[in-house]
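Fold and contact review
Here are the chains, one letter per residue:
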Amino acid sequence: MERKTLKLEVKGLDEAGTFTGYVAVTGNKDLGGDIIEPGAFAKTLKDHDGKVMLLDSHDSWSQNARLGILHLSEDSKGLKVDKGVLNLQKASAQEAYADLKFYHQNGLPLGMSIGYDDIQKTYETDKTGNPIRHLKEVALWEGSLVTFPMNPKARVT
């Protein structure tokens, strides 16, 4: 499974432990040399009814790292978090929510990352000879809160 680290664009936070924003942006090259193409998430969103687990830093083994659920859709900007729901019955999710609010309010937002398998991809080389991978279809497994995101264009507003 591959992982993509991106900044979470948080559009709002409320006391119920929910948030909205973008977990992935399409059409721009990230720091790893990948471009997620528009439509890359369509099949996986359908297969998973638009939901994936929200984890802490891709940790799928620790019960404390399972933070909640992401309700997702894809629009012209990218992979939209229509509603992220933290399980506030868990101390780890309460801490994650406190961090989300604190860093958002202080202009240093937490990032998000996606765990996925690439299903369809193509390659090209940029002007400097570096490879660029175009992700045309991905199988999304999870979204994670992370400290350092891969895609600098997906930012908290």
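Values in this document were obtained by computation on a predicted structure and should not be read as measured data.

1. Remarks on the pairing of strand 6 (residues 66-74)
In this sheet, strand 6 lies alongside strand 5 (residues 51-56) in antiparallel orientation, the contact comprising five bridges. Residue Val52 lies in a different strand from strand 6, and its bridge partner there is Leu70. Across seven bridges, the pairing between strand 6 and strand 7 (residues 78-86) is antiparallel. Bridge pairing in strand 7 links Ser73 to Lys80. Here strand 6 hands over to strand 7 after three residues, the two strands then running antiparallel side by side.

2. Considering unusual backbone geometry
At Asp49, a position not held by glycine, the phi torsion is positive, near 50 degrees. Relative to the helices and strands, Asp49 is located in the loop between helix 1 (42-47) and strand 5. A positive phi angle, close to 55 degrees, is found at Ser57, a residue other than glycine. With a relative accessible area of 42%, Ser57 lands in the partly exposed category.

3. Points about the pattern of salt bridges
Enumeration over the complete set of coordinates arrives at five salt bridges. Asp118 is the salt-bridge partner of Lys121, the closest N and O atoms lying 3.2 Å from each other. Look at Lys121 and you get partly exposed, because its relative accessible area is 35%. Using a relative accessible area of 18% as the deciding quantity, one classes Asp118 as buried. Here Arg133 and Asp118 are joined by a salt bridge, their closest N and O atoms 2.9 Å apart. Of the two residues, Arg133 sits in strand 9 (residues 131-146) while Asp118 sits in strand 8 (residues 111-125), which places them 15 residues apart along the sequence. According to the relative accessible area criterion, Arg133 is buried, its value standing at 11%. By sharing partners, the salt bridges in this structure join Asp34, Asp118, Lys121 and Arg133 into a single network.

4. Some words on the environment of Lys29
Structurally, Lys29 is set in the loop between strand 3 (18-25) and strand 4 (34-36). A relative accessible area of 40% places Lys29 in the partly exposed class. With residues near it in sequence (within four places) discarded, Lys29 still touches Asp34, Ile35, Asp126 and Ile132. Separated by 3.3 Å, the side chains of Lys29 and Asp126 make a polar contact.

5. Digging into the packing of aromatic side chains
Note on aromatic pairs: each is described by the distance of the centres and the angle between the planes. In this structure the tally under the stated criterion is one aromatic pair. Judged by centre distance (5.0 Å) and plane angle (85 degrees), the ring pair of Phe102 and Tyr103 falls under edge-to-face. Taking relative accessible area as the criterion, Tyr103 reaches 29% and is therefore assigned partly exposed.

Parameters and conventions
Residues numbered from 1 in each chain as written. Predicted model: local features only at pLDDT ≥ 70, side-chain atom pairs only at ≥ 80, totals over all residues. Heavy atoms only, no water. Pairing = 2+ DSSP bridges. Helix = DSSP H or I, 4+ residues; strand = E, 2+ residues; numbered from the N terminus. Buried < 20%, exposed > 50% of the residue type's maximum accessible area, 1.4 Å probe, protein only. Salt bridge = Lys/Arg side-chain N within 4 Å of Asp/Glu carboxyl O. Contact = heavy atoms within 4.5 Å. Polar contact = N/O pair within 3.5 Å; in protein donor to acceptor, adjacent residues only side chain to side chain. Phe/Tyr/Trp six-rings, centres within 6.5 Å; stacked < 30°, edge-to-face > 60°.

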